[in-house]
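Here's the letter readout for the chains.
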Amino acid sequence: MYVSKRKISVLIILFINLLFAFKYGARGNYLTLSIAVSWVLIQFLILNFLFLKSFNINYNKWFLVLIGFTILLFYFILNKIPVQSLNVDRWSVISSFWDAVFNHQYPYFAKSHMGNPPGPMPFYFLIALPFHLMGEIGWMPLMAIIIVCLNKKLFNLSDKACFIIALFLLSSPFFLWETFARSTVLLNSILVFLVFKSIYDKLLAGKLNLYLEAILFGLVLSTRFVFVMPFLVLFIYALKHRFISFNILLKNGIISLLTFALTFLPLIIFYPNDFWQMNPFLVQSGFLMPSYFTYLIILASVVLAWFLPQKTSITFYAGLILFFTIVIYLGYHIFKNGFYEAYFGSSADISYFIFSVPFLLYFLFHKVEAETPEIN
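Everything quoted here is computed from the prediction, not taken from an experiment.

**Things to note about the overall build of the protein chain**
Reasoning step 1: Looking only at helices and strands, one finds 19 helices and zero strands in the protein chain.
Reasoning step 2: Computed over C-alpha atoms, the radius of gyration of the protein chain comes to 21 Å, within 12% of the 21 Å expected from 2.2 N^0.38 for 376 residues, which places it in the range of a compact globule.
Reasoning step 3: Seen along its three principal axes, the alpha-carbon backbone of the protein chain occupies a region of about 55 × 55 × 45 Å.
Reasoning step 4: The proportion of buried residues among the 376 residues of the protein chain is 53%.
Reasoning step 5: Considering only contacts within the protein chain whose residues lie at least 6 apart along the sequence, 79% involve residues at least 24 apart.
Reasoning step 6: Across the protein chain, the 24 positively charged side chains and the 13 negatively charged ones have centroids separated by 8 Å.

Here is the structure:
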C-alpha cells in the first residue's frame, strides 16, 4: 500500500510526541498510554482543522498574542521548577562549561551537577551563552519558534502556517519537556535547518556563491556532529544531479572544515595539553552507539542521496535520515540495556528525535518540493 511522504511525516511527528507524552506522563503516574495517545491525536485533529479551515483573522496579531501569553506562563512555571530538581543536566553542562571559562579553567574538564563532562562542541555553548547569562536556559525552545517566524520568508511559510506551527509546538509534549527540562535540542535543530534551507535555495536558484553558507555550515556542525547527515544527503544529491560541480563543492567544503576547526582554536591555543586529554570528540566517541553503526548510517545516507530522482523532496529525506539515525541509536540501547532502562531510564536520550522535527514540519507546511522546477 502506498503511503505518501506527508503521511509518513505526520506519523513520525506524532510518534515523537507520543514517546514524550508516555515516558514523562507515566513516570509521574498521572498519564497512561491511552491518555497520551488521546492528547497527541486531539492535538493533531485540532491543528489539522485549523489548517484546512479558512478564517478571516490577522494571524500575525494572534501569533504575537500567543507568544506573549506563553512568555508570561513560562516565566511563572520556570520560576516554580528549580533546575536542581531536574533529572536532566543539559543546563548544568552549559553552566559548568561557562563557569570554567570565566574562571580561566579548561572547560572540557568541567563536570555537571550529575558528574557528566561537556559533550557538545564549542559553538553549541556559544549559542547557549546569552541564555546562560540571562540565568534561564529554558527560554531556548521558545526562541526556536520565534526564529522560525522571523525567517518565514526564507522558509516560504504563510502567516497562517507560522501561527499553526507555533501552536503545534507549544502544545507538543516534546516542546514542553524541552522547556521545563531546560533542553537545547530544538533551537540547535532550527538553526541547522536554517542553514540547510539557505543552501538548498541557492542551489535551486543556480547561485553558487555559497561562502557565507559554508561558514555557517561549519559553525552549526560545531554543535553536534550528527547534523552532518542531512547536509551529506543534500550535497551528494546536488553533486549527482550536477546542481553543483565537484570543484565548487570541494572549495566550500574546505571553508566549512576550516570554520569548524577554528571553533576549537582557542582551546588548542590556551590549553594545548588539556585539549588532547579531553575534548568533545573523545566524549562523544562511542557514546551514542558504536562507531561502525555511524559509518553504516553515513554510507546509507550517501546511497540514498545518490538514488534520489532529480525532482524530489530533499528536506523530507534529510529529516528521515536524522529520524532513523536516532531509531538505530535507541534500538542499540534497547538491545544492550533492555527496553525499560533505555526508554524510561537514562541509557538512551529520546530528545535526539527532535533533530528531525524542523525538516519534517517544513515539509508538511510547505508545498511538496517535487513540484519545484528543475535546477538548471
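**What to know about helix α5 (residues 122-134)**
Reasoning step 1: Compared with an ideal rise of 1.5 Å per residue, which puts 13 residues at 18 Å, α5 spans 19 Å between its outermost C-alpha atoms and is within 8% of the ideal.
Reasoning step 2: Approximately 45° is the largest bend angle found in α5, and it occurs at A128, with the proline P130 only one to four residues beyond.
Reasoning step 3: Burial in α5 covers these residues: P122, F123, Y124, F125, I127, A128, L129, F131 and H132.
Reasoning step 4: For α5, the elements touching its buried residues are α4 (90-102), α6 (140-150), α9 (185-204), α10 (211-221) and α13 (265-270).
Reasoning step 5: Count one or two residues on from α5 and you reach G135, which has phi positive near 90°.

**Digging into the packing of α9 against helix α11 (residues 228-240)**
Two quantities define a packed helix pair, namely the angle between the axes and the distance from one axis to the other.
Reasoning step 1: Direction vectors running N to C along α9 and α11 enclose 5°, while the axes themselves pass 11 Å from each other. Judged by the inter-axis angle, α9 sits roughly parallel to α11. When α9 is examined against α11, the residues V192, V195, F196, I199, Y200 and L203 are found in contact with a partner set consisting of P230, F231, L234, F235 and A238.
Reasoning step 2: Grouping the constituent residues of the contact of α9 with α11 by class yields 11 nonpolar, no polar and no charged.

**Remarks on the packing of helix α3 (residues 59-80) against helix α7 (residues 159-170)**
Reasoning step 1: Closest axis-to-axis distance for the α3/α7 pair is 9 Å, and the angle between their directions is 20°. In terms of orientation, α3 and α7 fall into the roughly parallel class. In this structure, the crossing between α3 and α7 has a hand that is left-handed. Residues Y59, N60, W62, F63, L66, T70 and F74 of α3 pack against D159, K160, F163, A166, L167 and L170 of α7.
Reasoning step 2: Tallied by class, residues from the contact of α3 with α7 come to nine nonpolar, two polar and two charged.

Conventions we followed
Per-chain numbering applies: the sequence of each chain, read as written, is numbered from 1 onward. Predicted model: local features are reported for residues with pLDDT of at least 70 only, side-chain atom pairs are reported and counted for 80 or more only, and whole-chain, interface and lining totals are derived from all residues. Each side-chain value is derived from all of the structure's non-hydrogen atoms; neither hydrogens nor water enter the calculation. Counting from the N terminus, the helices are DSSP H or I runs at least four residues long and the strands are E runs at least two residues long. The reference for a compact globule is 2.2 Å times residues^0.38; the radius of gyration itself is calculated from the C-alpha atoms. Type-normalised accessible area, obtained with a 1.4 Å probe on protein chains alone, sets the label of each residue: buried when under 20%, exposed when over 50%, and partly exposed for intermediate values. A contact between two residues is defined here by any heavy atoms of the two lying within 4.5 Å. Only four residue types enter the charge count, namely Lys and Arg as positive and Asp and Glu as negative; His and the chain termini do not. Each charge is placed at NZ for Lys, CZ for Arg, CG for Asp and CD for Glu. Multiply 1.5 Å by the residue count of a helix minus one, and that product is the helix's expected span. Given a residue, its bend is the angle between the two axes fitted to the seven residues that end at it and to the seven that start from it. Fitting a line to C-alpha atoms yields each axis, with helices limited to the stretch in contact; the angle taken between N-to-C directions then spans 0 to 180 degrees. Any angle between 65 and 115 degrees counts as roughly perpendicular, while under 35 counts as roughly parallel, over 145 as roughly antiparallel, and the rest as oblique. Three classes are used: nonpolar for Ala, Val, Leu, Ile, Met, Phe, Trp, Tyr, Cys and Pro, charged for Asp, Glu, Lys and Arg, and polar for all others, with Gly counted as polar. For any helix crossing, the convention is left-handed if the near helix is rotated counterclockwise from the far helix by under a right angle, and right-handed if that rotation is clockwise.

Read these as layout, nothing more, since geometry by itself doesn't imply function.
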